[in-house]
Amino acid sequence: MIRDNIDFLDASSERECTFYNDYLLKNIRSASLKNLRGNSQAERIKKLNEELENLINKKRAPQNFATQMRTAFKASQLPSNYFRWIDKKDERLCNWAWCYLKSTTKKSETESEQDPTKENPFLLLSGKAFNTERSNAADRHMDILDAFYHGEADTQQQQDLLEELKAKWQEIRFNETIVNWLEGNNPSQWVWAWSYLQNITQRPLKQAWIPTTEAEKKLRLLLLSIYLIT
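Residues numbered from 1 in each chain as written. Predicted model: local features only at pLDDT ≥ 70, side-chain atom pairs only at ≥ 80, totals over all residues. Heavy atoms only, no water.

**Considering the pattern of salt bridges**
Tallied over the entire structure, the rule returns 5 salt bridges. The closest approach of N and O atoms between Asp7 and Arg70, which form a salt bridge, is 2.1 Å. Here Asp7, found in the segment before helix H1 (14-27), pairs with Arg70, found in helix H3 (residues 65-76); they are 63 residues apart in sequence, far enough to count as distant. Under the relative-accessibility criterion, Asp7 is labelled partly exposed at 31%. Exposure remark for Arg70: the relative accessible area of 31% places this residue in the partly exposed category. Residues Arg134 and Asp143 are paired through a salt bridge, measuring 2.8 Å at the closest nitrogen-oxygen approach. Residue classification places Arg134 among the partly exposed residues on the basis of a relative accessible area of 26%. (Salt bridge = Lys/Arg side-chain N within 4 Å of Asp/Glu carboxyl O. Helix = DSSP H or I, 4+ residues; strand = E, 2+ residues; numbered from the N terminus. Buried < 20%, exposed > 50% of the residue type's maximum accessible area, 1.4 Å probe, protein only.)

**Regarding the packing of H1 against helix H2 (residues 41-57)**
Contact pair H1 / H2: the axes reach a minimum separation of 10 Å and the direction vectors enclose 25 degrees. If you check the angle between H1 and H2, you find them roughly parallel. Crossing of H1 over H2 shows left-handed handedness. Residues Glu14, Cys17, Tyr20, Asn21 and Leu24 of H1 touch H2, and the partners they reach there are Gln41, Arg44, Ile45, Leu48, Glu51, Leu52 and Leu55. Here the contact of H1 with H2 is built from residues that sort into 7 nonpolar, 2 polar and 3 charged. (Axes fitted to C-alpha atoms, helices over the stretch in contact; angles between N-to-C directions. Parallel < 35°, antiparallel > 145°, perpendicular 65-115°, else oblique. Left-handed = near helix turned anticlockwise from the far one by under 90°. Contact = heavy atoms within 4.5 Å. Nonpolar A, V, L, I, M, F, W, Y, C, P; charged D, E, K, R; others polar.)

**Structural notes on the environment of Ile172**
With respect to the element layout, Ile172 can be found in helix H7 (residues 155-173). Among the residues examined, Ile172 registers a relative accessible area of 12% and is labelled buried. As a C-alpha pair, Ile172 and Leu93 span 79 residues in sequence and 9.5 Å in three-dimensional space.

**Remarks on the side chain of Asp143**
Relative to the helices and strands, Asp143 resides in helix H6 (residues 137-149). For Asp143, a relative accessible area of 2% gives the class buried. Polar contacts involving the side chain of Asp143 include one to the side chain of Trp98, which spans 3.0 Å. In contact with Asp143, other than residues within four places in its own chain, are Trp98, Ala129, Phe130, Thr132 and Arg134. (Polar contact = N/O pair within 3.5 Å; in protein donor to acceptor, adjacent residues only side chain to side chain.)

**Here's the deal with the nonpolar core**
Note on soluble globular proteins: their nonpolar side chains tend to be buried together. In this structure, Ile86, Trp96, Leu101, Leu125, Phe148 and Leu165 are the most contacted members of the largest nonpolar core, which totals 29 residues. Listing elements by their share of this core, those giving two or more residues are helix H4 (91-104), H6 and H7. The element best represented in this core is H4, accounting for 8 residues. Core analysis: the second largest hydrophobic core is formed by 20 residues, Leu9, Ala31, Leu36 and Leu48 among them. (Core = buried A, V, L, I, M, F, W, Y, C linked by side-chain atoms within 4.5 Å.)

**Thoughts on the packing of aromatic side chains**
Applying the stated rule across the entire model yields 11 aromatic pairs. Ring geometry for Phe83 and Phe148: centres 5.2 Å apart, planes at 80 degrees, overall edge-to-face. In this pair, Phe83 sits in the loop between H3 and H4 while Phe148 sits in helix H6, placing the two residues 65 residues apart along the sequence. You'll find Phe83 and Phe148 in the same group, each marked buried. Between Trp96 and Tyr100, the aromatic rings sit 5.3 Å apart at their centres with planes inclined by 20 degrees, giving stacked as the arrangement. On the criterion of helical spacing, the pair formed by Trp96 and Tyr100 is a turn pair, its members being 4 residues apart in helix H4. Comparing Trp96 with Tyr100 shows no difference in burial state: the two are buried. Clustering of aromatic rings is evident, with ring pairs tying together Phe19, Tyr20, Tyr23, Phe65 and Phe73. One cation-aromatic arrangement involves Arg140 over Trp98; the distance from NZ or CZ to the ring centre is 5.6 Å. (Phe/Tyr/Trp six-rings, centres within 6.5 Å; stacked < 30°, edge-to-face > 60°. Lys NZ or Arg CZ within 6 Å of the ring centre and 35° of its normal.)

In structure tokens:
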């Protein structure tokens, strides 16, 4: 059991778990690889915490080593400047990226069972980041970052996925057809258009989130238009 005065680690991905194991073995000579093995991520994290507690109790690792490991992992992540183009103040961009990543990080029935990431590299990101319904672009922006930081993609793969995401956005951002058609201050028009799109049967549209206000319906209309014209 981990004592109250000893910090313990958790991992959001196999990538993070592997980093902690490698870091411990590299920096603490007394750490044993055989003590870190397990059949699942949860079991490996449990073994890691037990090994770390044992090393601390024997004075072979500093008391704050778990904090040191977390800091090292955070420093190994892709720098925030790579995400700067995803402006959290740009509602259209944040909402589109959130919806796009929510759909692409979910494994489809047609994707290969052996290695689906070859067909869809976005599966390397964390789909768990989009499990919670969000009511504003700022929260969706945080989910986008979490999808990258808590997934299995390494820094180079994250860069590649960001470039692909950016390229798709560049194709969309200049298409102002639906934006120009929607009147800026006409909520009744947004409600009518939303109701109309809900009745599409030939090409049904999945709900990314359920709008609760007129303004949210307008934002969802902008997103739905992307799927209708692509």
